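Notes for the structure review
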Amino acid sequence: MDIRFFNTFNHAAPLLDHLLPELNKRGVEASAYISHSKYRKGKKGDDHLKYFHKASLTRVSRSRKRLNLILYSISASFKIFFSPASFHVFFTHPPLYVLFGSWLSRRRGVPYGVHVMDQYPGFLGSAGYLYKEGWLYKWLDRKMDKVLHKAEFVTILGNCMRQLMLDKGVPKDKINQVINVPTIKDEPLTVDYLGSIDLKEKFTVIYAGNMGIAHEFSTILSVAKKMEQSSPAVHFIMLGKGNRKKEVEEYVEENSPKNMTLVGYLENEEFVAIMKQTDLHVITLRSDFNGLMVPSKMYSSLALGKPILFEGPETCEVSVVLKEHRAGTRVDHLDSKAFEGAILSYLNEAKKLEDHGENARKYFESYCSIQEFVENYSNYLQLHSTRLKA
């Protein structure tokens, strides 16, 4: 039995880094077909990278994301049709490619599963790229429903996403829930990043992750502007990239804030350091994206034992974890007063900061065992492959 995963860039690479070796250890020939890109860099000695096969066509577009998506889609289509595996697993990147990839897979008589990272076309509708009442959106939505129903299984990332799949009529026994495996490990510090930028004496609040259209920044920027005068002990750090980073850059350029640092690309050691040394981690999600995606940075913060300030919907996976396990605080979308109040409560209550951080770590250790998720996913895949053989 051979299984091939299709996914561009490194959205799911942390999970596949663990999953592919485990499957091969069990005698399943598992591999991933990914693109050449600057987002997926291996190091000498990374033995698991032998299971990742790169689409040679994307070599010319590794730093141009949109062109990379197109060339990857073409290359993957040839791979599916002319050199299929016994079983295909489609991640939902490139966006909507699963519609065509699964059709090709069915044409070749190859069963498939779907691993939902972001739910399309819902994501495109909420992002404003498609009109939700328009014929194109409705047509794509019907086609995606068909893809999900014909899949052998649908892997999702949280209970809010599970509910969305159930609402679409996906049978409960087809749904397999995993976590977004964090890219970061709680290891001893090798660099003093905050010390290098003279922030060790500050109470640091960090946003680290994708600055994409699903996230909201006007609240943190307005609060930072107010707290520059009222709470000089607090310093904000903005780390990441995405199509809304320009909003943050313009704020910094126009206001020259003394209490905000905009950080560019960091090497792994520096990234681990800044995540471990900062006091409070911020995650945001627009309400209209609830269930369409699950912010993956939550698991990095939990793994490091950092309390989370979440601005987003109450039913999101992040909200549920924070509330049930007292690992952080949730505020409503655009509620700057509550956002500021949450920061001040952590600044002034050291015990609360410590307790919520410890609760975050305990939750991750108790419920987010990477090895357990990998074993369960492997068992799930083997169960389906055995049933299909029969």
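Given the structure is predicted, the values throughout are model-derived calculations rather than measurements. (Residues numbered from 1 in each chain as written. Predicted model: local features only at pLDDT ≥ 70, side-chain atom pairs only at ≥ 80, totals over all residues. Heavy atoms only, no water.)

**So, the overall build of the chain**
- Counting its regular elements, the chain contains 15 helices and 13 strands.
- Computed over C-alpha atoms, the radius of gyration of the chain comes to 21 Å, within 12% of the 21 Å expected from 2.2 N^0.38 for 390 residues, which places it in the range of a compact globule.
- By principal-axis analysis of the C-alpha atoms, the chain measures approximately 65 × 50 × 45 Å.
- Expressed as a percentage of the 390 residues in the chain, the buried residues total 54%. (Helix = DSSP H or I, 4+ residues; strand = E, 2+ residues; numbered from the N terminus. Rg over C-alpha atoms; globule rule 2.2 N^0.38 Å. Buried < 20%, exposed > 50% of the residue type's maximum accessible area, 1.4 Å probe, protein only.)

**Comments concerning the sheet that holds strand 9 (residues 234-239)**
- Pairing within the open sheet is parallel, and its six strands lie in the order 10-9-8-11-12-13. The sheet is open, and its two borders are formed by strand 10 (260-263) and strand 13 (328-331), each paired with just one other strand. Across this sheet, the average inter-strand angle for adjacent strands is 20 degrees, counted without regard to direction.
- Across four bridges, strand 11 (residues 280-284) lies against strand 12 (residues 308-311) in parallel orientation. Along strand 12, the bridge assignment pairs Thr284 with Glu311. (Pairing = 2+ DSSP bridges. Axes fitted to C-alpha atoms, helices over the stretch in contact; angles between N-to-C directions.)

**Quick look at the environment of Ala76**
- Among the secondary structure elements, Ala76 is positioned in helix 2 (residues 65-82).
- Separated by 21 residues in the primary sequence, Ala76 and Tyr97 have C-alpha atoms spaced 9.6 Å apart.

**Some words on the packing of helix 8 (residues 218-230) against helix 9 (residues 245-255)**
- Direction vectors running N to C along helix 8 and helix 9 enclose 20 degrees, while the axes themselves pass 10 Å from each other. It follows that helix 8 is roughly parallel to helix 9 by the angle criterion. Note that helix 8 runs across helix 9; the crossing there is right-handed. Packed against helix 8, whose contacting residues are Ser218, Leu221, Ala224 and Lys225, the element helix 9 presents Glu247, Val248, Tyr251 and Asn255 at the interface.
- Its residues placed into classes, the contact of helix 8 with helix 9 shows four nonpolar, two polar and two charged. (Parallel < 35°, antiparallel > 145°, perpendicular 65-115°, else oblique. Left-handed = near helix turned anticlockwise from the far one by under 90°. Contact = heavy atoms within 4.5 Å. Nonpolar A, V, L, I, M, F, W, Y, C, P; charged D, E, K, R; others polar.)

**Observations regarding the side chain of Ser378**
- With respect to the secondary-structure elements, Ser378 resides in helix 15 (residues 370-389).
- Of the polar contacts made by the side chain of Ser378, one reaches the backbone oxygen of Val374; its length is 2.8 Å.
- Each residue touching Ser378, except ones within four places of it in the same chain, is listed here: Leu19, Glu22, Leu23 and Arg26. (Polar contact = N/O pair within 3.5 Å; in protein donor to acceptor, adjacent residues only side chain to side chain.)

**Some details on the pattern of salt bridges**
- A complete count under the given rule lists 14 salt bridges for this structure.
- Among the ionic pairs, Arg361 bridges to Asp186, the shortest N-O distance being 2.5 Å. Here Asp186 lies in the loop between strand 7 (175-177) and helix 7 (193-196) and Arg361 lies in helix 14 (residues 350-367), a separation of 175 residues in the sequence.
- Judged by its relative accessible area of 36%, Asp186 falls in the partly exposed class.
- As a salt-bridge pair, Glu247 and Arg244 come within 2.6 Å of each other at their nearest N and O atoms.
- The class for Glu247 is partly exposed, based on a relative accessible area of 24%. (Salt bridge = Lys/Arg side-chain N within 4 Å of Asp/Glu carboxyl O.)

**Brief notes about the packing of aromatic side chains**
- Applying the stated criterion across every chain yields a total of 16 aromatic pairs.
- Considering the side-chain rings of Phe153 and Tyr380, the 5.5 Å spacing of their centres and the 85 degrees angle between planes classify their relative orientation as edge-to-face. Placement of the pair is Phe153 in the loop between helix 5 (135-150) and strand 6 (154-156) and Tyr380 in helix 15, with a sequence separation of 227 residues. One exposure class covers both Phe153 and Tyr380, and it is buried.
- Among the aromatic residues, those joined into a cluster by ring pairs are Phe6, Tyr33, Tyr72, Phe90 and Tyr112.
- The ring of Phe81 carries the charged tip of Arg108 above its face, separated from the ring centre by 5.5 Å. (Phe/Tyr/Trp six-rings, centres within 6.5 Å; stacked < 30°, edge-to-face > 60°. Lys NZ or Arg CZ within 6 Å of the ring centre and 35° of its normal.)

**Quick notes on a positive patch on the surface**
- Taken together, the side chains of Arg142, Lys143, Lys146 and Lys150 make up a positively charged region of the molecular surface.
- Tracing the backbone shows Arg142 in helix 5.
- Judged by its relative accessible area of 53%, Arg142 falls in the exposed class. (Patch = residues over 30% accessible without salt bridge, like charges linked within 9 Å, V, L, I, M, F, W, Y side chains within 5 Å. Areas by Shrake-Rupley, 256 points an atom, 1.4 Å probe, with all protein chains shown as cover. Lys, Arg positive; Asp, Glu negative; His and termini not counted. Charge placed at Lys NZ, Arg CZ, Asp CG, Glu CD.)

**As for a nonpolar patch on the surface**
- Taken together, the side chains of Ile70, Ile74, Phe78 and Phe82 define a hydrophobic patch exposed on the protein surface, amounting to about 440 Å² of accessible area.
- The exposed category is assigned to Phe82, whose relative accessible area is 59%.

**Considering the environment of Ser73**
- Considering the arrangement of structural elements, one finds Ser73 in helix 2.
- For Ser73, a relative accessible area of 17% gives the class buried.
- Sequence separation of Ser73 and His93 is 20 residues, and the distance between their C-alpha atoms is 9.6 Å.
- Discounting residues that sit within four places of it in the chain, Ser73 has contacts with Pro94 and Tyr97.
- Only 2.8 Å separates the side chain of Ser73 from the backbone oxygen of Leu69, close enough to count as a polar contact.

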